[in-house]
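Analysis of the macromolecular model
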Amino acid sequence: MVNWVEVLRKHLLGRIAKNAGLRQHAVAVDAAAPGTVINLWLPDHKLKPPKQNQNDPAATNKRPAVVLVHGFAGDGMMTWAFQVGALRRQGYDVYVPDLVHFGGSTSPSPDRSVAFQARCIAAALGKLGVERCAAVVGFSYGGLVAFQMAAACPPGMVRSVVVSGSSLVFTGAMSDALLGRLGGGGAGTGTSSSLTELMLPDSVGGLRFLFAAATHMKLWFPRRVLSDFLKVMYNNRKERAELLENMITCRDEKAPAPVFQQNILLLWGEDDDFFPVEGAKMLKE
């Protein structure tokens, strides 16, 4: 039976990426952890031999690099497909990685920290010869990774950070508040009683609730599409549950913040129930 979400990923989103001059590639990053492979979409001129690049304006002009880091409910291209073309036309080299245990990225390492995700992405970019990023853009869980990259990477590698729907860290208090806003009541009630139950649904009803909670425009999807989405997008469930557990760094509402040297842009939705705009204002301060 045809899985329509898989068809969407392979054909429609793949075509959009290729029209934006991107190609899919896997990079071994043993420096981060032996056996770790990061899958990402990158400018096609990065995969061409040097002689072919001599006549490629995009390669010879050394366009600034932008890295787009996805959230927890998708992979790189599923999240960013409709942004890559616009960024390419504005003169950027666009890199869209899959985080470890998402999409095509894998690792035998037991490390489930946000810091490990940041190291893997930075290592993959280094293997590709990217010495400086004009911006690292992170959405939701990807925002945690973007902040970590900015804090941990060598000076000058990350020039600016753009974050939407995220924070510097995710605390236990934030998790409790999120479940409280969504009316956490557990399985069978149309709500979720834990962060894992919310973010890793195992039923069409649970996925429908997540989509309704996470989007401002309430889109209706046929049951068949949601079932296909579960089969394609929710593999590596054990590893992702451990990522969620490790994401909560402390119980306190406030956590120590590093001193950033980069320009930081916070881009927020007024009706964001996961990371309310009031939290963004606090983050700005």
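Scroll up to find the structure this text is about.
Right, let's walk through the structure included here.

Calculation criteria
Residues numbered from 1 in each chain as written. Predicted model: local features only at pLDDT ≥ 70, side-chain atom pairs only at ≥ 80, totals over all residues. Heavy atoms only, no water. Helix = DSSP H or I, 4+ residues; strand = E, 2+ residues; numbered from the N terminus. Buried < 20%, exposed > 50% of the residue type's maximum accessible area, 1.4 Å probe, protein only. Contact = heavy atoms within 4.5 Å. Areas by Shrake-Rupley, 256 points an atom, 1.4 Å probe, with all protein chains shown as cover. Patch = residues over 30% accessible without salt bridge, like charges linked within 9 Å, V, L, I, M, F, W, Y side chains within 5 Å. Salt bridge = Lys/Arg side-chain N within 4 Å of Asp/Glu carboxyl O. Pairing = 2+ DSSP bridges. Right-handed = clockwise from strand over helix to strand, strands pointing away.

Let's shift gears to the overall build of the chain. Helices and strands together make up the secondary structure of the chain, namely twelve helices and seven strands. Summarising its shape, the C-alpha atoms of the chain cover approximately 60 × 50 × 35 Å along the three principal directions. Here the chain, with 285 residues, has 47% of them falling under the buried criterion. Within the chain, counting contacts between residues at least 6 apart in sequence, those at least 24 apart form 69% of the total. Taken as a whole, the chain presents about 14,500 Å² of accessible surface, with 55% of it coming from carbon and sulfur.

Attention now goes to a nonpolar patch on the surface. Together, Val2, Trp4 and Val7 give the surface a local cluster of nonpolar side chains, amounting to about 270 Å² of exposed area. Relative to the elements of secondary structure, Val7 occurs in helix α1 (residues 4–19).

Another aspect to go through is the pairing of strand β3 (residues 65–69). Of all five residues making up β3, five are buried, and the element is well covered by its neighbours. Side-chain alternation along β3 places Ala65, Val67 and Val69 on one buried face and Val66 and Leu68 on a second face that is also buried. The sheet contact formed by β3 and strand β4 (residues 93–97) spans three bridges and is parallel. Across the sheet, Ala65 pairs through a bridge with Asp93, a residue of β4. Between β3 and its parallel partner β4, the chain crosses via helix α4 (residues 76–89), and the hand of that crossover is right-handed. Here five bridges tie β3 to strand β5 (residues 133–139), and the two strands are oriented parallel to one another.

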